[in-house]
Amino acid sequence: MPHIITRIERAAPADVAALSKFGSATIHEAQGRLGALSSRLKPVDRAMSVCGPAFTVQSAPRDNIMLQLAIHYAQPGDVVIVSAGEYEEAGCFGDVLANACLAKGIAGVVTDTGVRDTQELIRLGLPVFSLSVCIKGTVKETLGQINGDIVIGGQVVRPGDVIRGDADGLVVVRREDAAEVARKSAAREADEAGYIEAYKSGRTVIDVCNLEAVLKAKGLTTDL
């Protein structure tokens, strides 16, 4: 049954802001290597970066009526995220709808179908992640759902969960875990900064990463 839910529980703005400081890969690792969407979903431009609460859409393939409704109902800072059956041969989103998103303050768009007008999307600066780039148009026929749980890129995304996307990919963080994952991400970055300083000081990868015992157990000697 098609439904539209406009009032959702979003991750706290402070937690979204905290997560936005970290890359998608760091967040993925920090939360136990969970939440990574399929690497097939790519930003239109590698400079694009987004972080915000998910405003979820279930849409029929080659049909963007629900995407347009989502843009109407989404709130400033939301990331509109569309599950449309991984259909590559349609451009469901382009420069006209991008301008509608910017006018509302929408943070970005993620879709598992195609987009078009990519040069204009890049010029506008709205972060857009998609499965493909395709010039083929869509229809406005089939109703779906707004703000129900969706599956996209192999992950379940719930309304209000945090979506973080950048040049490396997309990751979802459950809204109730956002503060803890931000804390773990900060700790991970601090650890990695320590590794880098250790390498600069002359220490080896085997030493810093404590690999000698692991390699010895596998029958490999590190003696030169």
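Residue numbers here run from 1 along each chain, matching the order of that chain's written sequence. Given that the model is predicted, a residue must reach a pLDDT of at least 70 before its local features are reported, and side-chain atom pairs must reach 80 or more before they are shown or counted; all residues, however, enter totals for whole chains, interfaces and linings. Hydrogens are left out, water is left out, and the side-chain values use all remaining heavy atoms of the structure.

Trainee: What am I meant to see in the overall build of the protein chain here?
Mentor: Along its length, the protein chain carries eight helices and 13 strands. Reported as C-alpha extents along the three principal axes, the dimensions of the protein chain are approximately 70 × 35 × 35 Å. Taken over 224 residues, the protein chain has a buried fraction of 43%. We call two residues in contact when some of their heavy atoms are within 4.5 Å. Long-range pairs, those at least 24 residues apart, make up 74% of the contacts in the protein chain with a sequence separation of at least 6. For accessible areas, the Shrake-Rupley method is used with a probe of radius 1.4 Å. Any residue's cover is judged against the shown protein chains and nothing else. For the protein chain, the exposed area adds up to about 11400 Å²; of that, 53% sits on carbon and sulfur atoms. Mean positive and mean negative side-chain charge positions of the protein chain (24 and 28 charges, respectively) differ by 1 Å. Here a helix means four or more residues in a row that DSSP labels H or I, a strand means two or more in a row labelled E, and each is numbered from the N terminus. Relative accessibility thresholds used throughout: buried, under 20% of the residue-type maximum; exposed, over 50%; partly exposed, between the two (1.4 Å probe, protein chains only). The positive count covers Lys and Arg only, the negative count covers Asp and Glu only, and His and the chain ends enter neither. To locate a charge, take atom NZ for lysine, CZ for arginine, CG for aspartate or CD for glutamate.

Trainee: Help me understand the pattern of salt bridges in this model?
Mentor: Opposite charge on two side chains makes pairing possible when the charged atoms of those side chains draw close. Each salt bridge in this description consists of a side-chain nitrogen of Lys or Arg and a carboxyl oxygen of Asp or Glu lying within 4 Å of one another. Tallied over the entire structure, the rule returns 14 salt bridges. Residue glutamate 9 pairs with arginine 175 through a salt bridge whose shortest N-O separation is 3.8 Å. Here glutamate 9, found in the loop between β1 (3–4) and α1 (13–19), pairs with arginine 175, found in the loop between β13 (169–173) and α6 (178–200); they are 166 residues apart in sequence, far enough to count as distant. According to the relative accessible area criterion, arginine 175 is partly exposed, its value standing at 22%. Residue arginine 40 is joined to glutamate 86 by a salt bridge in which the shortest nitrogen-to-oxygen separation is 3.6 Å. Placement of the pair is arginine 40 in the loop between α2 (24–30) and β2 (42–43) and glutamate 86 in the loop between β4 (79–83) and α4 (95–104), with a sequence separation of 46 residues. Its relative accessible area of 43% is what places glutamate 86 among the partly exposed residues. One salt-bridge network, in which partners are shared between bridges, spans Glu9, Arg158, Asp161, Arg175 and Glu176.

Trainee: What's the story with the environment of alanine 60 in this structure? I'm lost.
Mentor: Positionally, alanine 60 belongs in the loop between β3 (50–58) and α3 (65–73). Setting aside anything within four residues of it in sequence, one finds alanine 60 in contact with Ala84 and Thr142.

Trainee: Would you mind showing me how to read the nonpolar core here?
Mentor: Soluble globular proteins tend to pack their nonpolar side chains together in the buried interior. Membership of the largest hydrophobic core comes to 26 residues, with the highest contact counts inside it found for Leu67, Val80 and Phe93. Among the elements that make up this core, the one with the highest residue count is α3 (four residues). Once residues within four sequence positions are removed from consideration, leucine 67 is found in contact with Val57, Val80, Val82, Cys92, Phe93 and Leu97. Residues Leu41, Val50, Val79 and Val110 belong to the second largest nonpolar core, which totals 15 residues. Throughout, nonpolar core names a set of buried Ala, Val, Leu, Ile, Met, Phe, Trp, Tyr and Cys residues whose side chains join them through atoms within 4.5 Å.

Trainee: Whenever I open this one, the UniProt feature "binding site: Mg(2+)" (unreviewed entry) in the protein chain confuses me. Can you help?
Mentor: The feature "binding site: Mg(2+)" (unreviewed entry), as annotated in UniProt, sits at Asp117 in this numbering. Positionally, aspartate 117 belongs in the loop between β6 (114–115) and α5 (118–124). Other than its neighbours up to four places away in sequence, aspartate 117 contacts Gly94 and Asp95. UniProt positions are given in the numbering used here, feature names are shortened, and annotations may be inferred rather than shown by experiment.

Trainee: Help me understand the UniProt feature "binding site: substrate" (unreviewed entry) in the protein chain, please; the structure alone is not making it clear to me.
Mentor: UniProt's entry tags Gly94, Asp95, Val96, Leu97 and Arg116 with the feature "binding site: substrate" (unreviewed entry), counted in the numbering of this structure. With the annotated positions falling across 23 residues, the maximum pairwise C-alpha distance of 10.7 Å places them together in a single cluster. One can find aspartate 95 in helix α4. The partly exposed category is assigned to aspartate 95, whose relative accessible area is 24%. The residues contacting aspartate 95, other than those within four sequence positions of it, are Asp117, Glu120, Leu121 and Leu124. Looking at the secondary structure, you find leucine 97 in helix α4. Owing to a relative accessible area of 13%, leucine 97 belongs among the buried residues under this scheme. Look past the residues within four positions of leucine 97 in its chain and what remains in contact with it is Asn64, Leu67, Gln68, Ile71 and Cys92.

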